Amino acid sequence: MQSSTPFEGPEKLLEIWFAPSADRLPLIDEAKYGSGDGDGDGDVDGQRKGLRRIDRAVWEEMLDIVKCKVLSVIVGEELDAYLLSESSLFVSPHKIILKTCGTTLNLLGLPRILDIASRHCGFRKVWRCFYSRKSFMFPERQLGPHREWGEEVRYLDAFFRNGSAYTVGKVNGDHWLLYLTSPPNSIYGSRLRMYTPSPTPSLEDSPTLPDLEQDYTIEILMSHMSTPARLPFFYHQKEAAEGRGHSYARKLSTELGIDTLFPVDRTTLDAFAFDPCGYSANALIDWGGGEGYYTIHVTPEAGWSYASFECNVPLPSRDSSALGVRGLDPDLPDLQTLVRNVVNIFDPGRLSITLFVSTSAKSDVAIETAQQAFRQALAPRGYYRNEKINYEFGGYDLAFASFQMMGTKGRNMADKD
């Protein structure tokens, strides 16, 4: 009861910032671009600002290039979460996050995103660009610039000057790939290159500012799911009467505990169950210091099972506030609890965790504290850590760790449903 054609679960993640924060948007010609739509959706002052003013139809045209479709949208207070046929799109006033899986052409959306930001918002400069992904399971199936990492880097280098590319982890095993730029005219020297936007008035350039927004992203990338963990994501004939898509996904989210990863009264969840198998979810979370998100995507088929969890809500460790998190609501889970609960749901044989945080005075302590939290969450469940890497980038620090379940070498590769 699965396709004979392998599906590439690991996602390509493109994140483009046009300002250091939603409060530091570039100055624009308000006579041409206006100050918002004033419809009361989203922003607390009744005006949807920056990229959030752009109509859904415009983003859908961009997504046609990438080869995916919008299934549904959550309109939040600070950002909009689009659930896609191939993962997710998040739109904030100052940045856009595009996460796509399968053989989608994620990077081919970049020129159109830059053009949209210029035409509709007057944004002519990119503050920072990030592109990352886990190593592919089936690289030979990829298309366009995604056929290999070097090709992706050359594609991005055509747009950005002095971008930096990294491979984190084993080149001949599971690893994580990252490309990032630095703010224009910063000490890191990364600048936009070969980007010719649509004609705009002569505007004052935004001043170079430090990265003011607290930026925190954790990804848990899981493979070799156990059979009991995979089976709920296959939909049998008996479920047809209940309706697949959003309705069955809501039921499944409750049964598996996905809807309680964060407090229910602080979370808006949008989930979808694919026919005949697969699951995706976006959630917006009021974490006490703003609005954050998490997103989940599941490919449950034997031989290439995969589940991902990504979240930008800053969480402390259980025993320490050394992660430098500010304004966290005490009702939210700590880092160990979140990692443990996610892994309990998907029961992977192998997983990697990345925590990517903006640099602070406590960064060294924060990263090592996160590594300890990962191990404390997973060791009691029978996982051993086979890699631990801490990395310092321009303005960011990374904790990377990979784990494997003891006694599960090759697990799930021969399972049949």
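What counts, and where the lines are drawn
- Residues numbered from 1 in each chain as written.
- Predicted model: local features only at pLDDT ≥ 70, side-chain atom pairs only at ≥ 80, totals over all residues.
- Heavy atoms only, no water.
- UniProt positions renumbered as here; feature names shortened; annotations may be inferred.
- 1 Å grid on protein atoms, 1.4 Å probe; cavity = no way out; pocket = protein on both sides within 12 Å on 5 of 7 lines; lining within 4 Å.
- Points joined across faces, edges and corners; volume = space filled by probe spheres on them.
- Nonpolar A, V, L, I, M, F, W, Y, C, P; charged D, E, K, R; others polar.
- Domains from an automatic or database assignment.
- Salt bridge = Lys/Arg side-chain N within 4 Å of Asp/Glu carboxyl O.
- Helix = DSSP H or I, 4+ residues; strand = E, 2+ residues; numbered from the N terminus.
- Buried < 20%, exposed > 50% of the residue type's maximum accessible area, 1.4 Å probe, protein only.
- Contact = heavy atoms within 4.5 Å.
- Core = buried A, V, L, I, M, F, W, Y, C linked by side-chain atoms within 4.5 Å.

- You'll find the protein entered in an unreviewed UniProt entry as adenosylmethionine decarboxylase, with Calocera cornea HHB12733 given as the organism.
- Quoted verbatim from the Pathway (unreviewed entry) field of UniProt, the annotation for the protein is "Amine and polyamine biosynthesis; S-adenosylmethioninamine biosynthesis; S-adenosylmethioninamine from S-adenosyl-L-methionine: step 1/1."
- In its Sequence similarities (unreviewed entry) section, the UniProt entry covering the protein states "Belongs to the eukaryotic AdoMetDC family."

## Quick notes on the layout of surface pockets
Piece 1. In this model, the second largest pocket occupies a volume close to 440 Å³.
Piece 2. Contributing to the lining of the second largest pocket are 28 residues, with Phe7, Glu86, Cys277, Thr299 and Glu301 lying nearest its centre.
Piece 3. Residue composition of the lining of the second largest pocket, by class: 11 nonpolar, 12 polar and 5 charged.
Piece 4. Counting contributing residues per domain, the lining of the second largest pocket is built from domain 1 (7-27 + 47-184) and domain 2 (211-416), each supplying no fewer than three.

## A few points about the pattern of salt bridges
Piece 1. The final tally for this structure, using the stated rule, is 16 salt bridges.
Piece 2. Glu60 is the partner of Arg56 in a salt bridge, and the nearest nitrogen-oxygen pair spans 2.9 Å. Here the residue Arg56 and the residue Glu60 both occupy positions in helix H2 (residues 56-66), the gap between them amounting to 4 residues, near one helical turn.
Piece 3. Its salt-bridge partner being Asp64, residue Lys69 comes within 2.8 Å of it at the nearest N-O pair.
Piece 4. Asp64 sits in the partly exposed class, given a relative accessible area of 38%.

## Brief notes about the UniProt feature "binding site: substrate" (unreviewed entry) in the protein
Piece 1. Under the UniProt annotation, the feature "binding site: substrate" (unreviewed entry) is placed at Phe7, Glu86, Phe274 and Glu301. In the annotated group above, the second largest pocket draws its lining from Phe7, Glu86, Phe274 and Glu301.
Piece 2. Position of Phe7 relative to the elements: it lies in the segment before strand E1 (12-17).
Piece 3. Those residues within four positions of Phe7 in sequence are excluded, and the remaining contacts are Glu86, Cys101, Gly102, Phe138, Thr299, Glu301 and Trp304.
Piece 4. Positionally, Glu86 belongs in the loop between strand E3 (80-84) and strand E4 (87-91).
Piece 5. The contact partners of Glu86, leaving out residues within four places of it in the chain, are Phe7, Lys67, Cys68, Lys99, Thr100, Cys101, Gly102 and Thr104.

## Notes on the UniProt feature "modified residue: Pyruvic acid (Ser)" (unreviewed entry) in the protein
Piece 1. Under the UniProt annotation, "modified residue: Pyruvic acid (Ser)" (unreviewed entry) lies at Ser87.
Piece 2. Structurally, Ser87 can be placed in strand E4.
Piece 3. In contact with Ser87, other than residues within four places in its own chain, are Glu11, Tyr82, Lys99, Thr100, Cys101 and His297.

## Concerning the nonpolar core
Piece 1. In this structure, Phe262, Tyr279, Phe309, Phe346 and Phe374 are the most contacted members of the largest nonpolar core, which totals 52 residues.
Piece 2. In terms of residues, this core owes the most to one element, helix H8 (residues 335-346), which gives 7 residues.
Piece 3. Discounting residues that sit within four places of it in the chain, Phe374 has contacts with Ile218, Leu335, Val339, Ile353, Leu355, Ala399, Ala401 and Phe403.
Piece 4. Leu63, Ile116, Ala117 and Tyr179 belong to the second-largest nonpolar core, a separate cluster that totals 36 residues.

## A word on unusual backbone geometry
Piece 1. With an omega of 10°, the peptide bond running from Asp275 to Pro276 counts as cis.
Piece 2. Mapped onto the elements, Pro276 comes out in the loop between strand E12 (267-273) and strand E13 (279-286).
Piece 3. One non-glycine residue, Lys67, adopts positive backbone phi at about 80°.
Piece 4. When you line up the elements, Lys67 lands in the loop between H2 and strand E2 (70-75).
Piece 5. Under the relative-accessibility criterion, Lys67 is labelled exposed at 54%.

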